[in-house]
Amino acid sequence: MTVRNALIIDDEPDIRELLELTLGRMGIETRSAASLDEARQRFQAQRFDLCLTDMRLPDGDGIDLVRWIQQHHPDTPVAVITAYGNMELAIEALKAGAYDFVSKPVDLDVLRNLVNSALKLSSQETRRERRSRDELLGDSEAMKNTRARIAKLARSQAPVYISGESGTGKELVARLIHKRGPRADKPFVPVNCGAIPAELMESEFFGHKKGSFTGAVSDKEGLFQAAQGGTLFLDEIAELPLHMQVKLLRAIQEKAVRPVGSQQETAVDVRILSATHKDLGQLVQEGTFRQDLYYRINVIELKVPPLRERREDIPVLATHFLERLAKQNGMPVPRLGNAAVEALQGYPFPGNVRELENILERAITLCEGETIQPDDLQLPDSRGDNNPEAGIGDARPLEPWLEDLEKEAIVKALEKTRYNKTAAAKLLGISFRALRYRLKKLGIE
């Protein structure tokens, strides 16, 4: 079994001794340094699996060391030790590339969790990159850059704000950050902040004690507790009401939650990832989103590119969706004709990847042969529209409109065959099983 080693940097002998004893009891060999210069000499002499550094040192600050380690020893996670309540410095360290931070006085349980998590960082980056390519499809420069950012962010515990239009795959990106990081064997808990009634939010997030309110018939753990040791993904975070934003900020900063009806706080160890298709910066200016919470969750921003900025990825995405849809419906995989590919690459996709999947699902239903043609796609007319996001926020949402088109095609086929489902399926060019699936999905009696 390989013995792990760590470098501890602090100019206070008592703190160094405490950290050395704690890590030593965890089976980790330690070396120590009292200054930046001594730390650099230690790094030049040997490799370390982990580095813990104080922020205030005689010849500089810990952030300088974080940047130096990022440049010269990027595979070594470094955690900073900050004065209690100095969140600004902690955030600055995370932005500079620190793995995580711990506040003085050092909570030894928090420190042990941090150390164990940091030492889990896998060295099997090649295999993991191949896996992420299989899940986040596309070989465009935009997607290569996105995958590279994901690989880097997975090695940190910094909160990440994932921005991008609806349908770009923000949750998929969040799941990959989790899966490629040291928390991969712990829960990934996604929550749509806009789907929880305001009056239930505190209970849903933090849990409640039996009898704390009408209907609380037993103790219940919240989303933070459910994600213990793992990742909490706050989707559509812009939908949180202001009173909940305050409570969320406190939970993130204190790394603890208080269940409704409890007098005690419960420590939680979760990584926070968040996302929204709205402009959070604009909402801060408008006063509907707290600036301090925005500052806390947006330590690092990852922008997911819209589909129109990576049109060269459309063929591989389309093939992936067609194979999956055909398998689900028990039918042969149709081919996407060259003219259909050109039509897709010329369309602006206001609904992004999600819209592409919906269009192809409808095309499988409408396609009469083995090759999907442009007419089968039923693309909305975007001619004369210079706005690439046209359709977003219009009176008619995209997905119901697509379902209406599909329903109309099926009903016409049924009427034409006097409601003979086998004949209707043949007329539509799909299997009986596929037709039955769509009748159920669309609620057609």
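This one's a predicted model, so the numbers in the text were calculated from it and none came from an experiment.

Q: Is there a simple way to explain the nonpolar core in this structure?
A: Most often, soluble globular proteins have nonpolar side chains that are buried together. Core analysis: the largest hydrophobic core is formed by 45 residues, its most contacted members being I9, L65, I162, V173 and I177. If you tally residues by element for this core, the top one is helix α4 (residues 87-96), at seven residues. Core analysis: the next-biggest nonpolar cluster, separate from the first, contains 37 residues, L307, M331, L428 and L439 among them.

Q: Looking at this structure, I do not really get the sheet that holds strand β1 (residues 5-9). What am I missing?
A: Note: strands within a sheet are paired through backbone hydrogen bonds, in either parallel or antiparallel orientation. Taken in spatial order, the five strands line up as β2-β1-β3-β6-β7 in an open sheet, and their pairing is parallel. Where the open sheet ends on each side, the last strands, each with one partner, are β2 (29-33) and β7 (100-103). With strand direction ignored, the average angle separating the axes of adjacent strands in the sheet is 20°. Alignment of β1 against β2, held across five bridges, turns out to be parallel. Directly across from I9, in β2, lies its bridge partner A33. Across the face of the sheet, helix α3 (residues 62-72) comes into contact with β1, β3 (50-54) and β6 (78-82) while running at roughly 155° to β3.

Q: Even after reading the chapter, I still don't get the confidence of the model for the chain, so can you show me in this structure?
A: The predicted coordinates should not be examined in detail at positions where pLDDT is low. Across the chain, the average pLDDT comes to 86, with 91% of residues at 70 or higher. Scored below 50 in pLDDT, residues 122-133 makes 16 contacts in the model with residues more than four places away or belonging to other chains.

Q: Is there a simple way to explain the pairing of β6 in this structure?
A: Consecutive side chains of a regular strand alternate in pointing toward one face of the sheet and then the other. Of all five residues that make up β6, five are buried, and the element is covered over most of its length. Burial of the side chains of β6 extends over both faces: V78, V80 and T82 are buried on one face and A79 and I81 on the other. In this structure, β3 lies alongside β6, joined through four bridges in parallel fashion. Note that in β6 the partner of D54 across the bridge is I81. Across four bridges, β6 lies against β7 in parallel orientation. When the sheet's bridge partners are listed, V80 is paired in β7 with F101.

Q: Sorry, what's going on with unusual backbone geometry here?
A: The step from K104 to P105 runs through a cis peptide bond, and the omega angle for that step is -5°. Position of P105 relative to the elements: it lies in the loop between β7 and α5 (108-119). A positive phi angle, near 60°, is found at N352, a position not held by glycine. Looking at the element boundaries, N352 is found in helix α16 (residues 352-366). Given the relative accessible area of 0%, N352 is considered buried.

Q: Help me understand α4 in this model?
A: Side chains of residues three or four places apart in an α-helix project in the same direction, reflecting 3.6 residues per turn. Of all 10 residues that make up α4, seven are buried, and the element is covered over most of its length. Along α4, the residues that are buried comprise M87, L89, A90, I91, A93, L94 and A96. One or two steps after α4, the chain reaches G97, where phi turns positive at roughly 120°.

Q: Can you help me understand the pattern of salt bridges in this one?
A: Charged atoms that come close allow side chains of opposite charge to pair. This model, assessed by the stated rule, comprises 21 salt bridges. Of the charged contacts, one joins R250 and E265 as a salt bridge, the two residues approaching to 2.9 Å between their closest N and O atoms. Pair noted here: R250 is in helix α11 (residues 242-254) and E265 is in the loop between β11 (256-257) and β12 (266-267), with a separation of 15 residues, a long-range link. Ionic pairing is found between E408 and K412, a salt bridge with its closest N-O pair at 3.3 Å. Of this pair, E408 and K412 both sit in helix α18 (residues 398-416), four residues apart, roughly one helical turn. Classification of E408 as partly exposed rests on a relative accessible area of 41%. Residue classification places K412 among the exposed positions, given a relative accessible area of 51%.

Q: Just to check I follow, could you spell out the packing of aromatic side chains for this structure?
A: Geometrically, a pair of aromatic rings is defined through the distance of the ring centres and the angle of the planes. Counted under the stated rule, the structure contains seven aromatic pairs. Centroid distance F43 to F48: 5.4 Å. Interplanar angle 80°. Geometry classified as edge-to-face. By relative accessible area, which is 3% here, F43 ends up buried. Ring geometry for F43 against W68: centres 5.8 Å apart, planes inclined by 65°, an arrangement best described as edge-to-face. Within this pair, whereas F43 is found in helix α2 (residues 36-45), its partner W68 is found in helix α3, the two being separated by 25 residues in sequence. Three or more aromatic residues link up through ring pairs in this structure, and these residues are F43, F48 and W68. Note that K255 overlies the ring of F101, its terminal NZ or CZ placed 4.6 Å from the centroid.

Q: Which parts of the structure should I look at to understand the packing of helix α14 (residues 314-329) against α16?
A: For any two helices packed against each other, one specifies the inter-axial angle together with the distance between the axes. Remark: α14 packs on α16, axes separated minimally by 10 Å, with the N-to-C direction vectors making an angle of 50°. Taken as axis vectors, α14 and α16 run oblique relative to one another. The handedness of the crossing between α14 and α16 comes out as right-handed. In this structure, α14 uses L317, A318, F321, L322, R324, L325 and A326 to contact α16, whose residues at the interface are V353, L356, E357, L360, E361 and I364. Across the contact of α14 with α16, the residue classes break down as 10 nonpolar, no polar and three charged.

Q: How do you make sense of the pairing of β1 when you look at a structure like this?
A: In terms of residue burial, β1 counts as a mostly covered element, since five of its five residues are buried. Assessed by its sense of winding, the connection that carries the chain from β1 through helix α1 (residues 13-25) to β2 is right-handed. Pairing of β1 with β3 involves four bridges; the strand directions are parallel. Looking at β3, one finds that A6 is bridged to L50.

What counts and how
- Residues numbered from 1 in each chain as written.
- Predicted model: local features only at pLDDT ≥ 70, side-chain atom pairs only at ≥ 80, totals over all residues.
- Heavy atoms only, no water.
- Core = buried A, V, L, I, M, F, W, Y, C linked by side-chain atoms within 4.5 Å.
- Buried < 20%, exposed > 50% of the residue type's maximum accessible area, 1.4 Å probe, protein only.
- Helix = DSSP H or I, 4+ residues; strand = E, 2+ residues; numbered from the N terminus.
- Pairing = 2+ DSSP bridges.
- Axes fitted to C-alpha atoms, helices over the stretch in contact; angles between N-to-C directions.
- Contact = heavy atoms within 4.5 Å.
- pLDDT = per-residue confidence, 0-100.
- Salt bridge = Lys/Arg side-chain N within 4 Å of Asp/Glu carboxyl O.
- Phe/Tyr/Trp six-rings, centres within 6.5 Å; stacked < 30°, edge-to-face > 60°.
- Lys NZ or Arg CZ within 6 Å of the ring centre and 35° of its normal.
- Parallel < 35°, antiparallel > 145°, perpendicular 65-115°, else oblique.
- Left-handed = near helix turned anticlockwise from the far one by under 90°.
- Nonpolar A, V, L, I, M, F, W, Y, C, P; charged D, E, K, R; others polar.
- Right-handed = clockwise from strand over helix to strand, strands pointing away.

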